[in-house]
Amino acid sequence: MSGFSELKLIAPILNAVHAQGYETPTPIQQKAIPIVLSRTDLLGCAQTGTGKTAAFALPILQLLSEKGQGAAPNRPRAIRCLILTPTRELASQIGESFAAYGRDLPIRGTVIFGGVGQRPQENALRNGIDVVVATPGRLLDLMQQRLVNLNALEIFVLDEADRMLDMGFIHDVRRIIAALPKKRQTLFFSATMPPEISRLAEQILTRPTRIEVAPPATTVELIDQALYQVNSNQKTSLLIHLLRDAGISRSLVFTRTKRDANRVAESLSDFGIASEAIHGNKSQSARERALANIKSGRTRVLVATDIAARGIDIDSVTHVFNYDIPNVPESYVHRIGRTARAGQVGSAVAFCAPEERGFLADIERVIRKRVPVLKTPLGLGIESRGNSGGGGRRPRGNSGRRFGGGRGRPQGASRQA
Ligand code: AMP
């Protein structure tokens, strides 16, 4: 396939891309790669799942290797590219992507985030690094200890700017930016553009080229959405019932609180459904283990809070369950965006308690559609809202097919446990 080679990428990068199994550039890659290669600033309106990481990582690697300063004997390597991203998971994934795409290039990178010991990160920095992928808090710590020198920075990437704002990192981000050289190339990515984020973009970008791909509503169209109306105390039973379908091979369950995440994961495990919880109170190693287990198929279900799950990239998630309805509509879009990634199809199933209907209405306004209501099995649930979905449907195992869309088979009571 010639898609990537038309983007004037050099052979070592093309080989690495093909080794990843990518054949055709995604829309954001087609748009962003030439812009980044032309050393222009970029304002990208895009979310994870669109191929955003490669859209900036590939051309950055190429720019760095074109003007490689190498490790001259008397001159230590200086940090030439900084990528700021909101979560540790996202930082690790971006670091892994850089390592994979740059495997045949003499470019060194490291990942910096909090919640783990500082010493290995210090050592990596001391040994000379070209590319740093970091979360804001730990990077600022290291900067204040004068362990990071960004004076030679050429390229700065701000990833998921709107998440930085949501998570309260925007002040740290501003302080970091204030310490960067003014003359640099800046790439700015955000899924949404609330006013504070547009202002920041205006302040830090110089004559940027603006690109926009797959706004949330478009991504949402690839996902079969449905919901059950249940009381809060029935949600766990409903989840266990639905997960009996072995075709739900890899799923994410979102809860609002860490406590709920633990409780749900424990209940599922009690019923023999291999699951784990991931949230901010878990140690970094526990989070990494949980991610590795779901990726390898050792567990089928990962129960997560919003922040822990932000940006996590797990291939082939067949179903996302909204155990509760998020009070911020964009969290719903982010949650369900964990399935149907990179053009695959997926299903998103929400459990809506009566007290959550206001949140649901907000979400439906943002996604500009009504989420079909499914008939709740087992005599659980409340059938008060108009049943706009195919009654009796339930999520089916996803062997490349989407559930719903009128193809759902009515669910006979005999199959209910
Ligand atoms: P991202 O938006 O960067 O989180 O990427 C989402 C997923 O798409 C990741 O699993 C990537 O490995 C994958 N991906 C990125 N670019 C391509 C491509 N051109 N073809 C197929 N998959 C891709």
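Our subject is the structure listed above.
Residues numbered from 1 in each chain as written. Predicted model: local features only at pLDDT ≥ 70, side-chain atom pairs only at ≥ 80, totals over all residues. Heavy atoms only, no water.

Student: Any chance you could explain the overall build of the protein here in plain terms?
Tutor: Per the secondary structure count, the protein includes 16 helices and 13 strands. The burial tally for the protein puts 56% of its 417 residues in the buried class. A separation of at least 24 residues holds for 74% of the contacts in the protein among residues at least 6 apart in sequence. Here the protein displays about 17500 Å² of accessible surface, and carbon together with sulfur accounts for 50% of that area. (Helix = DSSP H or I, 4+ residues; strand = E, 2+ residues; numbered from the N terminus. Buried < 20%, exposed > 50% of the residue type's maximum accessible area, 1.4 Å probe, protein only. Contact = heavy atoms within 4.5 Å. Areas by Shrake-Rupley, 256 points an atom, 1.4 Å probe, with all protein chains shown as cover.)

Student: In this structure, what is going on with the environment of F4? I would like to understand it.
Tutor: Relative to the elements of secondary structure, F4 occurs in the segment before α1 (11-19). Along the backbone, F4 and Q29 are 25 residues apart, and their C-alpha atoms lie at a distance of 9.0 Å. Once you skip the residues sitting within four places of it in the chain, F4 turns out to touch L9, L14, V17, Y22, E23, T24, P25, Q29 and L58.

Student: Just checking my understanding: could you explain the site of the ligand for this structure?
Tutor: In the vicinity of the ligand lie 16 residues, with Y22, Q29, G49, G51 and T53 positioned nearest. Between the ligand and T24, the relevant distance is 2.8 Å, taken from a nitrogen atom to a main-chain nitrogen or oxygen of the residue. At 2.6 Å from an oxygen atom of the ligand is found a side-chain nitrogen or oxygen belonging to T53. Within the complex, 83% of the 490 Å² of free accessible area of the ligand lies under protein. Two domains each provide a minimum of three residues to the shell around the ligand, namely domain 1 (4-213) and domain 2 (223-367). (Near = heavy atom within 4 Å. Polar contact = N/O pair within 3.5 Å; in protein donor to acceptor, adjacent residues only side chain to side chain. Domains from an automatic or database assignment.)

Student: I'm lost on the pairing of strand β9 (residues 251-254) in this one. Help?
Tutor: Side-chain alternation along β9 places S251 and V253 on one buried face and L252 and F254 on a second face that is also buried. Relative to strand β11 (residues 301-304), β9 runs parallel, the two being bridged by four bridges. Within the sheet, the bridge partner assigned to L252 lies in β11 and is L302. Relative to strand β12 (residues 319-322), β9 runs parallel, the two sharing four bridges. Residue V253 lies in a different strand from β12, and its bridge partner there is F321. (Pairing = 2+ DSSP bridges.)

Student: Would you explain the packing of aromatic side chains in this entry?
Tutor: Aromatic rings considered in pairs are described by the distance between their centres and by the relative angle of their planes. All told, the structure shown has six aromatic pairs when counted by the stated rule. Relative to Y101, the ring of Y22 has its centre 6.1 Å away and its plane inclined at 65 degrees; by these criteria the two rings are edge-to-face. In this pair, Y22 is assigned in the loop between α1 and α2 (27-37) and Y101 in helix α4 (residues 88-101), connecting sequence segments 79 residues apart. Through a chain of ring-to-ring contacts, the aromatic side chains of Y228, F321, Y323 and F351 assemble into a single cluster. K235 extends its terminal NZ or CZ atom over the ring of Y323, reaching a point 5.8 Å from the ring centre. (Phe/Tyr/Trp six-rings, centres within 6.5 Å; stacked < 30°, edge-to-face > 60°. Lys NZ or Arg CZ within 6 Å of the ring centre and 35° of its normal.)

Student: Explanation requested: the environment of P329 in the structure shown.
Tutor: Mapped onto the elements of the fold, P329 is located in helix α15 (residues 329-336). Apart from residues no more than four positions distant in its own chain, P329 is found in contact with D362, I363 and V366.

Student: Explain helix α5 (residues 119-126) to me, please; I cannot follow it from the model alone.
Tutor: Quick reminder: α-helices carry 3.6 residues per turn. Residues three or four places apart thus point the same way. Where α5 is concerned, the buried positions are Q121, E122, A124 and L125. Along the axis of α5, the buried positions cluster into a sector of 165 degrees, meaning they face one direction only. With respect to the buried face of α5, the exposed residues turned more than 90 degrees away are R119, P120 and R126. Residues of α5 that are buried in the fold lie against β3 (109-112), β4 (131-134) and α6 (136-144). Positive phi appears at G128, one or two residues downstream of α5, with a value of about 95 degrees. (Arc of directions from axis to C-beta.)

Student: I'm lost on the sheet that holds strand β6 (residues 185-190) in this one. Help?
Tutor: Strands pair in a sheet through their backbones, by hydrogen bonds, and they do so in one of two ways: parallel or antiparallel. Pairing in this open sheet of seven strands is parallel, and the strands run β3-β4-β2-β5-β6-β1-β7 from one edge to the other. Where the open sheet ends on each side, the last strands, each with one partner, are β3 and β7 (209-212). The mean inter-strand angle of the sheet, taken between neighbouring strand axes irrespective of direction, is 10 degrees. Relative to β6, strand β1 (residues 42-45) is paired through four bridges, and the arrangement is parallel. (Axes fitted to C-alpha atoms, helices over the stretch in contact; angles between N-to-C directions.)

Student: How should I be thinking about the sheet that holds β12 in this particular structure?
Tutor: Here six strands make up an open sheet; going across it, the order is β8-β13-β12-β9-β11-β10 and the pairing parallel. The open sheet has two free edges, formed respectively by β8 (223-229) and β10 (275-278), since each of these has just one partner strand. Strand-to-strand twist across the sheet, computed as the mean angle between neighbouring axes with direction ignored, equals 20 degrees. Judged from the four bridges that link them, β10 and β11 form a sheet pairing that is parallel. Within the sheet, the bridge partner assigned to E276 lies in β11 and is L302. Helix-sheet contacts for helix α12 (residues 258-270) involve β9, β10 and β11, and the interaxial angle to β10 is about 175 degrees. Packing of helix α13 (residues 284-296) onto the sheet brings it into contact with β9, β10 and β11, and relative to β10 it is tilted by some 140 degrees.

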